[in-house]
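# Remarks on the overall topology
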Amino acid sequence: MQKRDDNKARCRRCGDCCRDGGPALHHEDLPLIQDGTIPLTSIVSLRPGERAYDQPAQTILPLEAEILKIKGRDGKWTCAFYSPEGRTCGMYDNRPIECKVLFCHDIDPLAQMYTKTRLTRADLLPEGHPLLELIAEHDEKCDPKHMEKLAMAARKGDAEAGTALKEMVIFDMEVRRLVPEKSGMAPEMNDFLFGRPLRVLLRSMHITIYEMGDSIRFGFQA
Ligand code: SF4
Ligand code: SF4
């Protein structure tokens, strides 16, 4: 979110901030999730160690804590609830707290509350939920920081790191294939349950995954 230097200190509802990305969700937004205004299929979990755009800092930083965020659309971060045609928000009257607080001419109110009262997956999945154990195992085996280290080493030709990265990516892909298949859950739930696929995180490091039967290979771009 850029601080826009137009002299008029009121929101013109231009939608630029919605195109920059949807909001992270906070405890104040819980009723919107509970009443289905924001379905879990519209949420993506960003896990600690992932690099993500920090609105107040206006740069990409590794996350220190988990964030739940409204998904993007059309392969971009443009908020899934934003209609580019009508330049409107699909839930403007009930929009999440960050959207209410955000004002591009004065980002201090957003900065003040940005890291406070953030929702996490644990807030939305009840204790004893059958997938909690698998989510914890996935977080441990597919840790974004570890993935990044392995990817950097693999790029330099470290075969052991390449093998470990391959095992990590295959586990991530298998979890995302099997959970919807066995549970009947919508595949769109995967981004909430397990965060962004590792293949997406690797793409941002200019590494492409090619599937070859039961295995994969990496393509390292400059
Ligand atoms: S707050 Fe968002 S919608 Fe309002 S003027 Fe700024 S960029 Fe546009
Ligand atoms: S929820 Fe509405 S106001 Fe908030 S970013 Fe999305 S489209 Fe914009």
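All residue numbers here refer to positions counted from 1 along the written sequence of the relevant chain. As a convention, the first chain written is A and the first ligand written is 1, with the rest following in written order. Only residues with pLDDT of at least 70 get local features here, since the model is predicted, and only at 80 or more are side-chain atom pairs given and counted; chain-wide, interface and lining totals rely on the full set of residues.

### So, the site of ligand 1
Applicable threshold: Proximity of a residue to a molecule or strand is defined by its backbone-placed C-beta atom lying within 6 Å of that partner. Ten residue types, Ala, Val, Leu, Ile, Met, Phe, Trp, Tyr, Cys and Pro, are classed as nonpolar, four, Asp, Glu, Lys and Arg, as charged, and the remainder, Gly among them, as polar.
Surrounding ligand 1, one finds 11 residues, the nearest of these being Cys-11, Cys-14, Asp-16, Cys-17 and Cys-104. Of the residues in the shell around ligand 1, the class split is six nonpolar, one polar and four charged.

### Focus on the nonpolar core
Here is the rule we go by: In this description, a nonpolar core means buried residues of the types Ala, Val, Leu, Ile, Met, Phe, Trp, Tyr and Cys, linked to one another by C-beta atoms lying within 7 Å. Counting other C-beta atoms within 10 Å of a residue's C-beta gives its exposure: the residue is buried at 20 or more, exposed at 12 or fewer, and partly exposed in between, where C-beta atoms are placed from the backbone. Segments assigned H or I by DSSP are reported as helices when at least four residues long, segments assigned E as strands when at least two residues long, and all are numbered from the N terminus. Residues are scored as being in contact if the C-beta atoms we place from backbone atoms lie within 7 Å.
Ranked by internal contacts, the top residues of the largest apolar core, which has 24 residues, are Ile-43, Leu-68, Ile-70 and Cys-79. For this core, the secondary-structure elements that each account for two or more residues are helix H1 (16-20), strand E1 (43-46), strand E4 (67-70), helix H8 (159-183) and helix H9 (190-194). Among all residues touching Cys-79, those that are not within four sequence positions of it are Cys-18, Gly-21, Gly-22 and Ile-70. Among the nonpolar cores identified, the runner-up in size contains 12 residues, and Cys-142, Met-147, Ala-154 and Val-169 belong to it.

### Things to note about the domain arrangement of the chain
Applied cut-off: The domain limits used here are those given by an automatic or database domain assignment.
Here the chain is partitioned into domain 1 (16-123) and domain 2 (126-220). Using C-alpha coordinates to define each centre, domain 1 is positioned 24 Å away from domain 2. Taken together, the contacts link 12 residues of domain 1 with 14 residues of domain 2. Of all the elements, E1 adds the most residues to the side of domain 1 that touches domain 2, at four residues.

### Describing unusual backbone geometry
Positive phi, normally seen in glycine, also occurs at Arg-13, with a value near 50°. Topologically, Arg-13 is positioned in the segment before H1.

### Structural notes on the pairing of strand E8 (residues 215-220)
Basically, it comes down to this: Whether two strands pair comes down to DSSP finding at least two bridges between them.
Counting buried positions along E8 gives zero out of six residues, so the element sits mostly on the surface. Pairing between strand E7 (residues 207-212) and E8: six bridges, direction antiparallel. Note on E8: the bridge partner recorded for Glu-211 is Ile-216. Linkage of E7 to E8, two consecutive antiparallel strands, is achieved through a turn of two residues, within which Gly-213 is found at a positive phi near 65°.

### A look at the environment of Val-44
Mapped onto the fold, Val-44 is located in strand E1. Residue Val-44 is classed as buried on the basis of its 21 C-beta neighbours within 10 Å. Spatially, the C-alpha atom of Val-44 lies 5.8 Å from that of Leu-68, the residues being 24 residues apart in sequence. Excluding its chain neighbours within four sequence positions, the residues that come into contact with Val-44 are Lys-69, Lys-71, Asp-191, Phe-192 and Arg-196.

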